[in-house]
Amino acid sequence: MADTTPPTIDEAKLNSFGDTLRRLWMTYVTDRKPVEERWLRNLFQVRKIYDADILALIPADRSKAYPGLTQWMVRGTIARLMQMLFPQTEKNYGIKASPLPDLSKDQVQQVLDALVTARAEANGGDAASVQLTDEEIEKALFEFAKGKAERMEVKVDDDLQEMEYVTLARRVVKAAVTYSIGILRGPYHREVPGRSWKQNVNTGAWEATEVQKFKPLFEFLPVWDHYFDMTAVSVDRQDGTFDRHIMMRSEVEELASRADFMGERIHAYLREHTHGNYKAQWWESV
């Protein structure tokens, strides 16, 4: 029987861990500022806004019109990349069975049973007397895997369309063209109602039953809300990352009902901070 007793929390270690995370977060914020300055220049250029130091050099009686060449180039690059990555006339991916598919033991047995039964019925003989060659078995296994791959491709296509993946990817591409980096976060999953077919044991009729299924989920993450480990030489060698979330009070309250959060502490925090603790970053007020 599983032990459902909640673990004992060492307050001293928990507070120490929190302090460590906060110091690390502040380090990431400080280290990222040079990158933020470059992002801001890029954004101003795309939006046809002069930097403050450039604007100060333009005499008051001179035109402050900004040539829109950058904006035009950005739009053209986004359109070209989307045309290359997500062509309208064909899919940009495919799922194919391996020439030597690696199936589970149960699947292999299912293929063998079906092959033996079909051979016995065709020859009018006993299943026990059926002889199969290695080539016949491998061919049957490949056809089985091929059918699974075709059904999987249909399922993937349905999931991608449901999450509007092309629209999501366009936001990532737009960020990449503007800031030289675009972030797609995932894969996650979400639980949704689905249907399954079940045979009624009394009537023998097939009936639809509602079941819970999991759907894949990806999210676009603005570069401004993602904090990197700027000391790492590559993405896979980062000492963690931070994502900044600005939440309404109701959203914070919802966290208290989740098993992976400390509900009592969340409620206590909200009572003590009735107006929240939001602090604007420097680039949000420029």
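In this report, we go over the structure that sits alongside the text. (Residues numbered from 1 in each chain as written. Predicted model: local features only at pLDDT ≥ 70, side-chain atom pairs only at ≥ 80, totals over all residues. Heavy atoms only, no water.)

**Structural notes on the packing of helix α3 (residues 69-85) against helix α6 (residues 165-179)**
And then number 1: Viewed as axis vectors pointing N to C, α3 and α6 meet at an angle of 135°, and their least axial separation amounts to 10 Å. Taken together, the axes of α3 and α6 lie oblique to each other. Crossing angle aside, the handedness with which α3 passes α6 is right-handed. Residues Val74, Thr77, Ile78, Leu81, Met82 and Leu85 of α3 pack against Val166, Ala169, Arg170, Val173, Lys174, Val177 and Thr178 of α6.
And then number 2: Looking at the contact of α3 with α6 residue by residue, the classes come out as nine nonpolar, two polar and two charged. (Axes fitted to C-alpha atoms, helices over the stretch in contact; angles between N-to-C directions. Helix = DSSP H or I, 4+ residues; strand = E, 2+ residues; numbered from the N terminus. Parallel < 35°, antiparallel > 145°, perpendicular 65-115°, else oblique. Left-handed = near helix turned anticlockwise from the far one by under 90°. Contact = heavy atoms within 4.5 Å. Nonpolar A, V, L, I, M, F, W, Y, C, P; charged D, E, K, R; others polar.)

**Here we look at a nonpolar patch on the surface**
And then number 1: A surface patch of nonpolar side chains, about 220 Å² in accessible area, is lined by Ile9, Leu14 and Met262.
And then number 2: Within the fold, methionine 262 resides in the loop between α7 (249-255) and α8 (263-272). (Patch = residues over 30% accessible without salt bridge, like charges linked within 9 Å, V, L, I, M, F, W, Y side chains within 5 Å. Areas by Shrake-Rupley, 256 points an atom, 1.4 Å probe, with all protein chains shown as cover. Salt bridge = Lys/Arg side-chain N within 4 Å of Asp/Glu carboxyl O.)

**Here's the deal with the nonpolar core**
And then number 1: Trp39, Tyr179, Val223, Trp224 and Tyr227 are the most contacted members of the largest nonpolar core, which has 21 residues in total.
And then number 2: Elements that contribute at least two residues to this core include exactly α1 (11-46), α6 and β2 (206-221).
And then number 3: No other element matches the eight residues that α1 contributes to this core.
And then number 4: The contact partners of tryptophan 224, leaving out residues within four places of it in the chain, are Arg32, Glu36, Trp39, Leu40, Tyr179 and Trp283. (Core = buried A, V, L, I, M, F, W, Y, C linked by side-chain atoms within 4.5 Å. Buried < 20%, exposed > 50% of the residue type's maximum accessible area, 1.4 Å probe, protein only.)

**Thoughts on the pairing of β2**
And then number 1: One ladder, built from 15 bridges, connects strand β1 (residues 183-199) with β2; its direction is antiparallel. Among the inter-strand pairings, histidine 189 is bridged to a residue of β2, identified as proline 216. (Pairing = 2+ DSSP bridges.)

**Re the pattern of salt bridges**
And then number 1: Following the criterion strictly, the structure yields 14 salt bridges and no others.
And then number 2: Across the pair glutamate 11 and arginine 265 runs a salt bridge whose closest N-O atoms are separated by 2.4 Å. Remark: arginine 265 occurs in helix α8 and glutamate 11 occurs in helix α1; sequence separation between them is 254 residues.
And then number 3: In this structure arginine 265 comes out as partly exposed when scored by relative accessible area, which is 37%.
And then number 4: Put simply, glutamate 162 and arginine 190 hold a salt bridge, and the shortest N to O gap is 3.0 Å. Here the residue glutamate 162 occupies a position in helix α5 (residues 134-162), and arginine 190 occupies one in strand β1, the gap between them amounting to 28 residues.
And then number 5: Looking at glutamate 162, the relative accessible area reads 40%, which means it is partly exposed.

**So, the environment of proline 187**
And then number 1: Looking at the element boundaries, proline 187 is found in strand β1.
And then number 2: What makes proline 187 exposed here is its relative accessible area of 61%.
And then number 3: Note: C-alpha distance between proline 187 and phenylalanine 218 (31 residues apart in sequence) is 5.4 Å.
And then number 4: Apart from the residues lying within four places of it in its own chain, the contact partners of proline 187 are Leu217 and Phe218.

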